[in-house]
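A closer look at the structure
Okay, here's what each chain looks like letter by letter:
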Amino acid sequence: MKTLKIAIQKSGRLNEKSVELLKNCGLNFENYKSSLISPVSNFPLEILFLRDDDIPEYVQDGIADLGIVGENVIQETEVEVSYLQRLGFGRCSLKIAVPNTENYKDLSELHGKSIATTYPVILGKFLKSKGIQSEIRTISGSVEISPGLGLSDAICDLVSTGGTLKSNGLKPFADVMSSEAVLIGSKGSENDDLIKELIQRIQSVLRAKETKYVVLNAPKAALEAITALLPGVKSPSVVPLAEEGWVAVHTVIPERDFWDRISQLKQAGAQGIVVMPIEKIIL
Ligand code: PRT
Ligand code: ZN
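Everything quoted here is computed from the prediction, not taken from an experiment.

What about helix α6 (residues 193-209)?
Compared with an ideal rise of 1.5 Å per residue, which puts 17 residues at 24 Å, α6 spans 25 Å between its outermost C-alpha atoms and is within 8% of the ideal. Backbone nitrogen of Leu 194 and a side-chain oxygen of the N-cap are separated by 2.8 Å at the start of α6; the cap is Asp 192.

Below you can see the structure in the form of structure tokens.
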């Protein structure tokens, strides 16, 4: 039987979440910090630990069948790969930022200005699409200090909390792209049965993350109002309680609706609401 290879970041912002996701898929492996390859003992898979910048090309060239990497890196390297699944972590935006002291109103004001970035390909395409000619200064790191040093008028860099921009006297000016970690595969890999199985496992973990298991007690009279608030995977399970006239309702609700729903449920008469994490949802 063939063994698949998946490339993930060796260390850095995506390493921990990538390892966690694969472990939650039931894959058993050691997260060796010192080695390049780790075999999975219960699935025909090997994990390659790489610099994130190398992952798209390894996947394009078929050295790895799969990879987990930020969309920003994929687009910057301009590789031909298949996007198999968005993974919901490593979220950030690539933004153009300018010094707080500037009062630019329109993107066209960047015409003729210099912009420092580690993302010259993405920035170049963005500016071209807007018909703006700026001078792109490609640097390899610490982009945020370049306006302060007089190296550029603006920067284009990844932003998550915005703290780095703030502490360097910069403010966001334009959104270039938003990014998150994605699972990519070599072209055509989506047709491979083993890869399909792995994607299904990943999807069941992601689905579970987005939802909570909720159990609550309610008087039978409030049941109709309560079930109307609960979409559930199909419909909620309703179990009679020992106390006459009371039921327990079991369901799953999307995390994003969570607080809204909980207060509405209480208003409708729900009591003793217990909320639990879900490990996997297999449809
Ligand atoms: O060593 P290796 O080459 O593998 O890693 P790396 O140093 O190139 O990348 P790493 O680990 O920093 O980031 C990996 C991926 O995480 C990126 O390619 C993005 O897809 C994603 N990601 C998410 C981020 C951020 N958020 C982020 N905030 N990558 C970088 N940053 C940096 C940003 O460049 C800036 O310096 O964090 C700073 C801004 O953060 P805030 O919170 O202050 O806005
Ligand atoms: Zn990198």
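Side note on the coordination of the zinc ion (ligand 2)
Only Asp 52 (OD) and Asp 53 (OD) from the protein coordinate the zinc ion (ligand 2), and they sit 2.1 Å from it. Note that the zinc ion (ligand 2) binds four donor atoms; their angles at the metal cover 74 to 176 degrees, and the shape is irregular.

Focus on the nonpolar core
Nonpolar side chains tend toward joint burial in soluble globular proteins. Membership of the largest hydrophobic core comes to 29 residues, with the highest contact counts inside it found for Ile 6, Leu 27, Ile 68, Leu 87 and Leu 183. Of all the elements in the fold, those that place two or more residues in this core are β1 (4-9), α1 (15-24), β3 (45-50), β4 (66-70), β11 (181-185) and α6. A per-element tally of this core places α6 first, with seven residues. Counting 18 residues, the second largest nonpolar core, distinct from the first, contains Val 98, Ile 122, Leu 123 and Phe 126.

Description of the domain arrangement of the protein
Once the domains are mapped, the protein shows domain 1 (4-90 + 180-208), domain 2 (92-179) and domain 3 (211-277). Counting each side, the surface lost to burial between domain 1 and domain 2 is near 820 Å², with a carbon and sulfur contribution of 49%. For the pair domain 1 and domain 2, the interface holds one salt bridge. Taking the shortest distance from any N to any O, the salt bridge between Glu 78 and Lys 125 comes out at 3.0 Å. Seen at the junction of domain 1 and domain 2, the total is seven residue pairs in polar contact (both at pLDDT 80 or more). Considering every element that reaches the side of domain 1 that touches domain 2, the biggest residue donor is helix α3 (residues 71-77), with four residues.

Brief notes about the packing of aromatic side chains
Under the criterion given, the structure shown has one aromatic pair. Between the NZ or CZ atom of Lys 23 and the centre of the ring of Phe 29, over which it lies, the distance is 4.8 Å.

Details of the site of ligand 1
Of all residues adjacent to ligand 1, which total 22 residues, the nearest are Arg 51, Asn 72, Thr 161, Gly 162 and Thr 164. At a separation of 2.7 Å, an oxygen atom of ligand 1 approaches a polar side-chain atom of Arg 51. Measuring from an oxygen atom of ligand 1, one finds a side-chain N or O atom of Asp 157 at 3.3 Å. Here ligand 1 has 850 Å² of accessible area as a free molecule, and 79% of this is covered by the chains.

How each quantity is defined
Residues numbered from 1 in each chain as written. Chains lettered and ligands numbered in written order. Predicted model: local features only at pLDDT ≥ 70, side-chain atom pairs only at ≥ 80, totals over all residues. Heavy atoms only, no water. Helix = DSSP H or I, 4+ residues; strand = E, 2+ residues; numbered from the N terminus. Expected span 1.5 Å × (residues − 1). Polar contact = N/O pair within 3.5 Å; in protein donor to acceptor, adjacent residues only side chain to side chain. Donors = N, O, S within 2.8 Å, 3.2 Å for Na, K, Ca; no water. Tetrahedral: all angles 85-135°; square planar, octahedral: opposite > 155°, others 65-115°. Core = buried A, V, L, I, M, F, W, Y, C linked by side-chain atoms within 4.5 Å. Buried < 20%, exposed > 50% of the residue type's maximum accessible area, 1.4 Å probe, protein only. Domains from an automatic or database assignment. Buried area = accessible area lost by both parts, 1.4 Å probe. Salt bridge = Lys/Arg side-chain N within 4 Å of Asp/Glu carboxyl O. Phe/Tyr/Trp six-rings, centres within 6.5 Å; stacked < 30°, edge-to-face > 60°. Lys NZ or Arg CZ within 6 Å of the ring centre and 35° of its normal. Near = heavy atom within 4 Å. Areas by Shrake-Rupley, 256 points an atom, 1.4 Å probe, with all protein chains shown as cover.

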